[in-house]
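Topology and contacts: notes
Single-letter residue listing:
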Amino acid sequence: AVDALPPNLLALPDGFAFGAATAAYQIEGAASEGGRGPSIWDAFSHEKGKTHDGDSGDVADDHYHRYPEDIDLLAKAGIKHYRLSISWSRLMPDGRTLNDEGVAFYSALLDLLVEKNIEPRVTLYHWDLPQALEDEYNGWLSPSIVEDFAAYAEKCFELFGHHVKTWTTFNEPLTFVGGGYGTGVMAPGRCSDRSRCIAGDSETEPLLAAHNVLLAHAHAASRFRARFSKGYSIDMVNCGWMAWPLRDGSVDDMNAASSFMEAQWAWFLDPLVRGDYPPSLKARAPALPQFTIEEQTLLKGSVDMLGVNYYTSRYVAAADAVYPAASVGDAAGIPALNGEYHLATTRSLSEGDPRIGVVGGSPWLYVAPDGLTDVLLWLQDRYHLPMAVTENGCDQPSGEDERDDVWRIDYLRSHIDGVATAIQRGADVQAYYAWSLLDNFEWADGYSKRFGLVFVDYNTLTRTPKRSFAWYARLIHAHASSSLLLVDDVAPGRD
Ligand code: GBH
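Bear in mind the structure is a predicted one, so any value in this text is a computation, not a measurement. (Residues numbered from 1 in each chain as written. Predicted model: local features only at pLDDT ≥ 70, side-chain atom pairs only at ≥ 80, totals over all residues. Heavy atoms only, no water.)

**What to know about helix H9 (residues 205-227)**
Along its 23 residues, H9 runs 33 Å from first to last C-alpha, staying within 8% of the 33 Å computed at 1.5 Å per residue. Extensive coverage of H9 is indicated by the burial of 17 of its 23 residues. (Helix = DSSP H or I, 4+ residues; strand = E, 2+ residues; numbered from the N terminus. Expected span 1.5 Å × (residues − 1). Buried < 20%, exposed > 50% of the residue type's maximum accessible area, 1.4 Å probe, protein only.)

Structural data, given as C-alpha cells:
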C-alpha cells in the first residue's frame, strides 16, 4: 500500500528521534525587517541570472512572521525534534554587533518550541554569511573569519544555551565551498570562469575556504566545551553520496570509489576526529593548506557526534574507465579533488539501461536508499561516533501530484528503512530529520523545487500539509507506541 510504514520501523530503538529540518535563509523571509543585515545570499540572489527566475529569499515562507503557525504544524504531526538554523546577519547585522530584535525573534521561537515540547537542534551557519564580512575581508577566504565566527557562536551559546543542547557549527561545507568558490553557482559566487564570475580561483579557493571553516569550527567547539558539558553536544553536518565501485571486482574502481569517499566525507571529518586531512587528499591536492601542530590538537576530537545529510549516491570508476558520456559528472565542483575518477548513474555502457535508481525532481537526485545504509556504515567504521541523519528528502518528478505525494512517501519509507538496516548492522544512529518541514527557497533553484512535507502557496503563503505529512505523523506515532498495526488501519486517505 502506498501509505505503508517502513517494514523495519520497529527495529529503530526506543528513543530514536524523528524530526524535521529547515534553514533560516530558505524559510524566514523578512530580509530587511527586524534590523537584519544583508547576507551573501541576499547579494547573490539579487544579482541578475544567479537564481531560477531571479528568485530570492526576500519573502520565502515568511516564517519570520508565521513561525507560530509552523511550530503548530510540528506539534500537530507529533514531531518532537526540529532542526533549524540561525541567521548570523539577523542576530548580528554587521557580523559583530548584536541586534536586539534578532535576539528577541530567536528567543521567542525557541521559547515556543520548548513550550510545545519540541527539542530544537540549532545550526549556526547554513550558508548565510553577513555581507559585511564578505566586503571587509572576503569572508571564508580570510583567517579573520575564525575569530568572528567563534565570537558569534559563543554569543549564541550564551543567549540560547539554556534551551538548546545540540548544536551544529556548519551545514555541508562541501556544498558551500564547492558552490561558492568552485563552480560559483552559490554565494558568494566566485570561480575561475570569467564568463560567469568576476573573481575567484576555483583551484585554490575551495581548499582555503574549507580550511578556515574547519578552524572556525575548532575554536567554536572549544568555547562550547568550556561552557557546557553533560547532556550537551556539538557537531558539524556533512554531506555526500555513497560511492560504489562501478565495475564489480575492479581494483581501480574500488580505489577510485574509496578516494571519492575520502574527498567528500573525510576532507572534513578526518580533521575533526583525527586532527588532520586524509593522506589521500594531501597527495592529490598539493594546494591543500596545512594545519600547525596546535591547530591539529584543537581540531582533533572537536565533534561529539556526526550530522549526516544524505540524498543520493553514484557509481565511481577510475579515470581510465570507459563510461557513457552522459553519466560523467563531478562531485562538488572542486577541481583540485576531481579528475581521478568518473561518476556514473548507471553500471551499464549502453544508454537507456537501468540507472542507480529512479530520478527525482532534481536531476542530481537518483533514489538510492541502500546508499544511506552504506554511508552510515562507512562513517561508523571510520569514526566510531554517534550519528544523526540531519537531512534526507526529495523533490518529486514533475507531473506527480504535489499534495498527494506518494512518491515522496516512498522515498522517505525506503530511506528510514535504510537507517534501520544500518542500525541492525552496528551503526549508532540516534536521529532522523526529514528535509524539509516546508517547501522553501531551494538556493539557485529558487522556488522551482519543492522538498516540503507541507505545501506552501507562494502567492498566499498558505500552508497545506501534504499526504507525506500525515504519513510521517503516523510513523512517529507508530514508532512511539511500538506498533505498526495500531495505526495502519486508521491511515487517512487510503484506498
Ligand atoms: C542540502 O544539500 C542542503 O543542506 C539544503 O539546504 C537543501 O535545501 C537540500 O539539500 C536540498 O537540495 O546539480 O549535480 O551540481 C544537499 C547537497 C549539493 C545537492 C549540491 C545538490 C547540486 C548537484 N546538494 N547539489 S549538481
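Let us keep going from here.
**Let's talk about the packing of aromatic side chains**
Counted under the stated rule, the structure contains 42 aromatic pairs. Considering the side-chain rings of Phe 18 and Tyr 432, the 6.3 Å spacing of their centres and the 65° angle between planes classify their relative orientation as edge-to-face. Here Phe 18 is found in strand S1 (residues 17-21), whereas its partner Tyr 432 is found in strand S11 (residues 429-435), with 414 residues between them in sequence. In this pair, the class of Phe 18 matches that of Tyr 432, namely buried. Taken together, a centroid distance of 6.2 Å and an interplanar angle of 45° make the contact between Trp 244 and Tyr 315 tilted. Of this pair, Trp 244 sits in strand S6 (residues 242-245) while Tyr 315 sits in strand S8 (residues 313-318), placing them 71 residues apart in sequence. Given a relative accessible area of 11%, Tyr 315 falls into the buried group. Site record: aromatic cluster; members linked through ring pairs are Tyr 25, Trp 41, Phe 44, Trp 127, Phe 441, Trp 443, Tyr 447 and Tyr 458. Its guanidinium or amino end placed over the ring of Phe 105, Arg 90 lies 5.7 Å from that ring's centre, counting from NZ or CZ. (Phe/Tyr/Trp six-rings, centres within 6.5 Å; stacked < 30°, edge-to-face > 60°. Lys NZ or Arg CZ within 6 Å of the ring centre and 35° of its normal.)

**Some points on the site of the ligand**
Around the ligand sit 14 residues, and of these Gln 26, His 126, Glu 172, Glu 442 and Trp 443 come closest. Contacts to the ligand include Glu 172, whose side-chain N or O atom sits 2.8 Å from an oxygen atom. Between the ligand and Tyr 311, the relevant distance is 3.4 Å, taken from an oxygen atom to a side-chain nitrogen or oxygen of the residue. Notes on the ligand: free accessible area 590 Å², of which the protein chains cover 72%. Per-class residue counts for the shell around the ligand are six nonpolar, five polar and three charged. (Near = heavy atom within 4 Å. Polar contact = N/O pair within 3.5 Å; in protein donor to acceptor, adjacent residues only side chain to side chain. Areas by Shrake-Rupley, 256 points an atom, 1.4 Å probe, with all protein chains shown as cover. Nonpolar A, V, L, I, M, F, W, Y, C, P; charged D, E, K, R; others polar.)

**Structural notes on the pairing of strand S2 (residues 81-85)**
Across the five residues of S2, five count as buried, placing the element largely inside the fold. Bridging between S1 and S2 involves three bridges; their strand directions are parallel. Its bridge partner lying in S2, Ala 20 is registered against Tyr 82. Pairing between S2 and strand S3 (residues 119-125): five bridges, direction parallel. When the bridges of S3 are listed, Leu 84 appears paired with Val 122. (Pairing = 2+ DSSP bridges.)

**Observations concerning the sheet that holds S1**
Read around the barrel, eight strands follow the order S1-S2-S3-S4-S5-S7-S10-S11 and close on themselves; strand pairing throughout is parallel. Within this sheet the neighbouring strands show an average axis-to-axis angle of 25°, counted without direction. Taken together, the four bridges between strand S7 (residues 305-309) and strand S10 (residues 387-391) define a ladder with parallel strand orientation. What sits directly across from Leu 306, in S10, is Met 387. In the packing of helix H14 (residues 406-424) onto the sheet, contacts are made with S1, S10 and S11, and the angle to S11 comes to roughly 165°. (Axes fitted to C-alpha atoms, helices over the stretch in contact; angles between N-to-C directions. Contact = heavy atoms within 4.5 Å.)

**Looking at the state of the cysteines**
Summed over the entire model, instances satisfying the criterion amount to one disulfide. Paired through a disulfide, Cys 191 and Cys 197 show a sulfur-sulfur distance of 2.2 Å. Here Cys 191 and Cys 197 share a disulfide; its torsion about the S-S bond, 100°, makes the bridge right-handed. For the pair Cys 191 and Cys 197, a shared accessibility class is recorded, and that class is buried. Among the cysteines around Cys 239, which has no disulfide bond, Cys 394 carries the closest sulfur, lying 17 Å off. On the basis of relative accessibility, which here comes to 8%, the residue Cys 239 falls in the buried class. (Disulfide = S-S within 2.5 Å.)

**Observations regarding the pattern of salt bridges**
Counted according to the given criterion, the structure contains 29 salt bridges. Ionic pairing is found between Arg 96 and Glu 136, a salt bridge with its closest N-O pair at 3.0 Å. Within this pair, whereas Arg 96 is found in the loop between helix H4 (88-91) and helix H5 (100-115), its partner Glu 136 is found in helix H6 (residues 131-137), the two being separated by 40 residues in sequence. According to the relative accessible area criterion, Arg 96 is partly exposed, its value standing at 40%. Ionic contacts of the salt-bridge type, sharing partners, join the residues Glu 402, Asp 405, Arg 408, Asp 439, Arg 450 and Lys 466 into one network. (Salt bridge = Lys/Arg side-chain N within 4 Å of Asp/Glu carboxyl O.)

**Some thoughts on the sheet that holds S6**
With respect to topology, three strands assemble into an open sheet ordered S6-S8-S9, the strand pairing being mixed. Among the strands making up the open sheet, the edge pair consists of S6 and strand S9 (341-344). Strand-to-strand, the axes of this sheet are offset by a mean angle of 40°, without reference to chain direction. Where S6 meets S8, four bridges bridge the pair, whose relative direction is parallel. Its bridge partner lying in S8, Ala 243 is registered against Arg 314. The strands that helix H10 (residues 251-274) touches are S6, S8 and S9; relative to S8, the one it contacts most, it runs at about 125°.

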